[in-house]
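As a plain string of letters, each chain reads:
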Amino acid sequence: MFNDIQNVIEAKIRSCCAAEGIPLAPLKWTAIPYSGEWGISTSFFQTAADEARAGRAGKPVPARAQELAEQVRGQMGSVEGVSRVDAVKGYLNVYFETSDYARRVVDSVLASRADFGRGAARGERVMVEYAQPNTHHSFHIGHYRNTILGEALARLTEFAGFETIRASYPGDLGLGVITVMWAYDRFYKGQEPAGVHERGQWLLKIYVEATARLEKKENETSEETALREQYEAERREMYRKYDAGDPYVRELWRVTREWSLEELREILRMLDVKIDVWFFESEVDGPSKAIVEELIAKGIADDERPQGGAVIVKIDEKLGLKKEKYRTNVILRSDGTTLYLTKDIALAKVKFEQYHVDRSIYVVDVRQSLHLQQAFAILRLWGFPQAEKCYHLGYGFVSLPEGAMSARRGRVTLFKDVADEAVRRVLAVESEKAPEMSDAERRQVAEQVGLGALAYSMLSVDNNKDIVFDMDAALSFDGRTGPYIQNAHVRANSILKKAQAMGYEARATGRAFDYELTKHEIELIEQISKFPAAVEQAANEYRPLVMAAYAYDLANAFHSFYHAAPVLQVEEAGVRESRLQLVAASKQVIANALRLLDIQAPEVM
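Residues numbered from 1 in each chain as written. Predicted model: local features only at pLDDT ≥ 70, side-chain atom pairs only at ≥ 80, totals over all residues. Heavy atoms only, no water.

Draft legend 1. Looking closely at the overall build of the protein. Check the secondary structure of the protein and you find 21 helices and 14 strands. Seen through its C-alpha atoms, the protein measures out along the principal axes to roughly 90 × 75 × 40 Å. Classification of the 605 residues of the protein by burial places 52% in the buried group. For the protein, the accessible area works out to roughly 27,500 Å², and carbon and sulfur atoms hold 48% of it. Separation between the mean location of the 77 positive side-chain charges and that of the 88 negative ones in the protein comes to 2 Å. (Helix = DSSP H or I, 4+ residues; strand = E, 2+ residues; numbered from the N terminus. Buried < 20%, exposed > 50% of the residue type's maximum accessible area, 1.4 Å probe, protein only. Areas by Shrake-Rupley, 256 points an atom, 1.4 Å probe, with all protein chains shown as cover. Lys, Arg positive; Asp, Glu negative; His and termini not counted. Charge placed at Lys NZ, Arg CZ, Asp CG, Glu CD.)

Draft legend 2. Structural view of the nonpolar core. Ranked by internal contacts, the top residues of the largest apolar core, which has 134 residues, are I13, Y144, F415, I528, F531 and M547. Residues M127, F279, L347 and Y362 belong to the second largest nonpolar core, which totals 37 residues. (Core = buried A, V, L, I, M, F, W, Y, C linked by side-chain atoms within 4.5 Å.)

Draft legend 3. Looking closely at the packing of helix 1 (residues 3-19) against helix 3 (residues 61-76). Closest axis-to-axis distance for the helix 1/helix 3 pair is 10 Å, and the angle between their directions is 115°. Looking at the two axes, helix 1 sits roughly perpendicular to helix 3. The crossing of helix 1 and helix 3 is right-handed. Contacts from I9, K12, I13 and C16 of helix 1 reach helix 3 at Q71, V72, Q75 and M76. The residue inventory of the contact of helix 1 with helix 3, partitioned by class, reads 5 nonpolar, 2 polar and 1 charged. (Axes fitted to C-alpha atoms, helices over the stretch in contact; angles between N-to-C directions. Parallel < 35°, antiparallel > 145°, perpendicular 65-115°, else oblique. Left-handed = near helix turned anticlockwise from the far one by under 90°. Contact = heavy atoms within 4.5 Å. Nonpolar A, V, L, I, M, F, W, Y, C, P; charged D, E, K, R; others polar.)

Draft legend 4. Inspection of the packing of helix 15 (residues 439-459) against helix 17 (residues 482-501) at higher detail. At a minimum axis distance of 8 Å, the contact between helix 15 and helix 17 shows a crossing angle of 130°. The orientation of helix 15 with respect to helix 17, classified from their angle, is oblique. Facing helix 15, whose interface residues are Q448, V449, G452, A453 and Y456, helix 17 presents G482, P483, I485 and Q486. Among the residues forming the contact of helix 15 with helix 17, the class breakdown is 5 nonpolar, 4 polar and no charged.

Draft legend 5. The arrangement of the pattern of salt bridges in detail. Tallying each qualifying case throughout the model produces 52 salt bridges. Residue E10 pairs with R14 through a salt bridge whose shortest N-O separation is 3.4 Å. Linking E10 with R14, this pair stays in helix 1, spanning 4 residues, or about one helical turn. Accessibility expressed as a relative area gives 44% for R14, which makes it partly exposed. Between R235 and E232 there is a salt bridge, with its nearest N and O atoms 2.7 Å apart. (Salt bridge = Lys/Arg side-chain N within 4 Å of Asp/Glu carboxyl O.)

Draft legend 6. Representation of the sheet that holds strand 8 (residues 302-303) within the structure. The antiparallel open sheet is built from 3 strands, whose spatial order is 8-9-10. Across the chains shown, the open sheet's two edge strands, defined by having one partner strand only, are strand 8 and strand 10 (328-332). The pairing of strand 9 (residues 311-314) with strand 10 spans 4 bridges and is antiparallel. Note that in strand 10 the partner of I312 across the bridge is V330. (Pairing = 2+ DSSP bridges.)

Structure representation (structure tokens):
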């Protein structure tokens, strides 16, 4: 938590070992769980093991580790803010003075504010790819899980010190896109709903209708078969014209594609998601064909087109693997058309060479796991060192209690419908709980709470697990929910506003906490101190769930403190001022945690 004290102690350890000619292994520090004192611990087992391998140790590793710990402890001397140092079973345990530690935690938050927990620059550039539904459809609740997961991860990596680029790669090609274009041109030419969301949702309805027209039915008549085959021929002809660059079809594609993108941009605005780089499938289709030729020339891909086959990559064979892992993959069909794999390889090349990305994170559903592992393997064969730092953040499906979704069947839960319903429900509650609010303020709070509830319901579940979304559970003010965490922020804000009205002006920093802390204060200070480590863990492991869990634990600790430890009613001024500072620090860290989850922190509820 406090690098200044840790650095002083490490310098003393290095000095002690250097004086004795002991090669010191890198020190790894861990927090000691609170048991009357706060502290940190490091071990000397690695140093003792290194000595044993070098033939220098005359004792077993555990005994030598303990001897080193005792030796360092004996020469440590006094360190400001440290109450005692113990050597136990090869570990050096450093304990802090309780009041000093509490003051340092709170002061650190209040000095850094929104930057509390921010990591130092890592010197690495990360690209997070997410928020990429196919065009000519509409944004549904599954797309929302992808988007909120990617945005939270981007915020975490950025806050942890990585230079972060947000990228989106919508699919704007393929038979599904052509299906919508054909049906629109065939049955709805010239029509156009007025609103942004209405146009996007209308394209989805056209897709469902078109799929039904093209699908073979049981016991269909000869006339129905003939009509279906005619429709299929028209659709295929439109696809052929698109590939040939037909001006009319290309313009139809451009206009209807823009309808989808307008809806996507509007939803991203609602979610406070700002994409830095837009890639489109249509833009990498051509370059990917040139890449196939390069892979053939390098001996990575095998060209079987002369024999009527395709261009393939025998990944396992090229990597020298004895057991099948990646299989053999087609990267160009015999008819010269590309596949998703071809375009993903082409896109990665752009990321690495044009954007100089060191790490590339793909937020894509779990079904694409093998596909992406194959792409990463081909990139390794191609010679890109960044391939080792490509990562697939997979996620499970989202369904509702009534069942799974299917765009083809029209069983899709649109995100806008879910968001509107969440806001409507919160508005109804707020109208009863806070009738004094203006309509504009009540609407703002309802949007903050409603969208916060949706975000937390997605981020508080392991990304690999499926979700059955339950609106009632998500909007609850109790338990592991967004509103429960937001309410902790509101309660902290309420205390601080009342304190100001009563004339209690807390100093920005420097309270002593030199009284006997209650268990609720201790737990709250403990949780606050863990925030920087939670940021680092969530970013390093690419797991927004870590921050979602932390935010709940912090809010839970604050709620317990709120109910058990009086603040404004305390007669002792020193205690009151210290607790006010603790409330201010809590409010700040709750807001920081929520911001990393793309959840707003309301002032009132």
